[in-house]
Structures are given as structure tokens and as C-alpha cells.
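Breakdown of the fold
Listed below are the residues making up each chain.
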Amino acid sequence: MNSKLVASLLVVAAVLPGWSLLIAAGSAEAPRIVKIRAGVDNAMKFDVASIPVAPGETIKVVLTNASTLPKNVMGHNWVLLTKGSDAVAFATAAAAEAASEYIPAKLKDKIVAFIGLLGPNEAGEVTFKAPAEPGEYPFLCSFPAHCIVGMKGVLVVKK
Ligand SMILES: [Cu+2]
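Rules used throughout
- Residues numbered from 1 in each chain as written.
- Predicted model: local features only at pLDDT ≥ 70, side-chain atom pairs only at ≥ 80, totals over all residues.
- Heavy atoms only, no water.
- Helix = DSSP H or I, 4+ residues; strand = E, 2+ residues; numbered from the N terminus.
- Buried < 20%, exposed > 50% of the residue type's maximum accessible area, 1.4 Å probe, protein only.
- Contact = heavy atoms within 4.5 Å.
- Donors = N, O, S within 2.8 Å, 3.2 Å for Na, K, Ca; no water.
- Tetrahedral: all angles 85-135°; square planar, octahedral: opposite > 155°, others 65-115°.
- Pairing = 2+ DSSP bridges.
- Salt bridge = Lys/Arg side-chain N within 4 Å of Asp/Glu carboxyl O.
- Axes fitted to C-alpha atoms, helices over the stretch in contact; angles between N-to-C directions.
- Patch = residues over 30% accessible without salt bridge, like charges linked within 9 Å, V, L, I, M, F, W, Y side chains within 5 Å.
- Areas by Shrake-Rupley, 256 points an atom, 1.4 Å probe, with all protein chains shown as cover.
- Phe/Tyr/Trp six-rings, centres within 6.5 Å; stacked < 30°, edge-to-face > 60°.

1. Some thoughts on the overall build of the protein
Check the secondary structure of the protein and you find 3 helices and 8 strands. Listed by position from the N terminus, the elements making up the protein come as α-β-β-β-α-β-α-β-β-β-β. Out of the 159 residues in the protein, the part that is buried amounts to 37%. Taking the contacts inside the protein whose residues are at least 6 apart along the sequence as the reference set, 74% of them involve residues at least 24 apart.

2. Notes on the coordination of the copper ion
With distances of 2.1 to 2.7 Å, the protein atoms coordinating the copper ion are His76 (ND1), Cys141 (SG), His146 (ND1) and Met151 (SD). Geometry at the copper ion is tetrahedral, judged from the 4 donor atoms that bind it and their angles of 87 to 131° at the metal. Mapped onto the polypeptide sequence, the residues donating to the copper ion form the spacing pattern H-x64-C-x4-H-x4-M. Taken together, the positions of His76 in strand S4 (residues 76-81) and Cys141 in the loop between strand S7 (135-140) and strand S8 (152-157) put the pair 65 residues apart, joining distant regions of the chain.

3. Section: the pairing of strand S3 (residues 58-65)
In terms of burial, S3 is largely enclosed, as 6 of its 8 residues are buried. Here strand S1 (residues 32-38) pairs with S3 via 7 bridges, running parallel. The residue bridging Lys35 from the neighbouring strand is Val62, located in S3. Inspection of the sheet shows S3 paired to strand S6 (residues 123-129) by 7 bridges, in the antiparallel sense. Across the sheet, Lys60 pairs through a bridge with Thr127, a residue of S6.

4. Some remarks on the pattern of salt bridges
If you walk through the whole model with that rule in mind, you get 6 salt bridges. For the salt bridge of Arg32 with Glu57, the shortest nitrogen-to-oxygen distance reads 2.6 Å. Placement of the pair is Arg32 in strand S1 and Glu57 in the loop between strand S2 (50-53) and S3, with a sequence separation of 25 residues.

5. What to know about the sheet that holds S3
The strand order across the open sheet formed by 3 strands is S1-S3-S6, and the pairing between neighbours is mixed. Each edge of the open sheet is held by one strand with a lone partner, namely S1 and S6. Between one strand axis and the next, the sheet turns through 20° on average, direction left out of account.

6. Digging into a nonpolar patch on the surface
The grouping of Met44, Val88, Ile148 and Val149 at the surface amounts to a nonpolar patch, some 330 Å² of accessible area in total. Position of Val88 relative to the elements: it lies in helix H3 (residues 87-94). Taking relative accessible area as the criterion, Val88 reaches 31% and is therefore assigned partly exposed.

7. Focus: the packing of aromatic side chains
Tallying each qualifying case throughout the model produces 4 aromatic pairs. An angle of 35° between the planes, with centres 5.5 Å apart, marks the rings of Trp78 and Phe139 as tilted. You can see Trp78 sitting in strand S4 and its partner Phe139 sitting in strand S7, a full 61 residues away along the chain. On the basis of relative accessibility, which here comes to 0%, the residue Trp78 falls in the buried class. By relative accessible area, which is 0% here, Phe139 ends up buried.

8. Regarding the sheet that holds S7
An order of S2-S8-S7-S4-S5 is seen for the 5 strands of this open sheet, with the pairing classed as mixed. The strands lining the two open edges of the sheet, one partner per strand, are S2 and strand S5 (111-118). Strand-to-strand twist across the sheet, computed as the mean angle between neighbouring axes with direction ignored, equals 15°. As judged from the 4 bridges shared by S2 and S8, these two strands associate in the parallel manner. From the neighbouring strand, Val53 faces S8, where its bridge partner is Val157. Packed on one face of the sheet, H3 meets S4, S5, S7 and S8 and runs near 35° to S7.

Don't take any of this as a statement about function, it's just geometry.
In C-alpha cells:
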């Protein structure tokens with residue numbers, strides 16, 4: 001066997017395990033994509049009311065605002081709250097906070113993940129690890145009055 005061939009085989013042998021590790025790590029980290037549409041037919045609603053997830057699962061939520069109305073009168077966002085939070089109470093506290101697009105810093109302890117306010121035909125996304133603790137984590141649109149008329153849902157962490 002010539003030495004060049006031996007050297008090439010050694011390189012292949014050294015590289016292969018590295019690649020398989022990279023591929024394995026990549027697939028473990030790939031987020032599961034959850035698509036949500038807000039404002040279909042200009043209704044103050046999400047088209048997904050419940051998101052079942054496994055503890056610690058990596059989730060990418062992609063929110064599309066299907067509304068045709070201007071952002072300042074019919075913007076939509078997506079805010080996931082800590083376990084057992086009161087979505088309507090959060091929305092009420094956030095409603096006056098137009099400067100932060102209804103995601104006030106003073107309420108950040110209540111927020112697990114969020115997608116900022118979107119205008120018509122805009123899309124936004126957020127990737128996060130689902131909480132480890134099983135239970136119900138409410139989500140809502142915090143644009144004034146939207147949550148109260150039902151623009152909310154729940155992320156359910158279940159083993
Ligand atoms: Cu909304």
C-alpha cells in the first residue's frame with residue numbers, strides 16, 4: 001500500500017466520527033415549527049388555541065398576521081406567559097403600554113417567550129425551549145382588548 005493512500009484512509013477515519021457527531025447534535029437541536037395565523041378574516045383570534053409540547057422541547061413559533069387592517073388599529077403579537085398566569089390580567093396591565101408595543105419591561109418576569117407586534121401580512125418568529133415543568137402556559141395577543149374577546153390560547157407541557 002502506498003503511503004499516500006494510507007494517509008488518505010487515516011484522514012477519512014479521523015473525520016467520519018466527527019461528522020456523525022455533528023449530524024446527531026444538529027438533529028437533536030432542530031426546533032419543531034408551530035405555525036400560527038392571527039387575524040384571519042380580520043377576526044381578533046389565533047387559528048391555534050392549544051400547543052401540546054414535551055418538557056424542554058425546542059419550539060419555533062412562526063406567527064403571521066393575516067389581517068388587512070393597519071398595525072395601529074389591528075396589530076397582533078404573541079406572548080407566552082409563565083405557568084398558571086392570568087392572561088386577561090396581563091393584557092389589562094399591558095394595554096396602556098403602547099410605547100413598548102404592549103410588552104412592558106415591568107412584566108418581563110411573567111413572559112416565557114414573545115413575538116413583537118406585527119402589521120398586516122407581516123410575520124415574526126421566536127425559538128425557545130419549552131419549560132421543563134408540566135402544566136398549562138397561557139399565550140395571548142396583548143394588543144388592547146384582543147385577549148378579552150378571546151385572542152388567547154394555551155401551551156400545554158406534557159410528558
Ligand atoms: Cu391581536
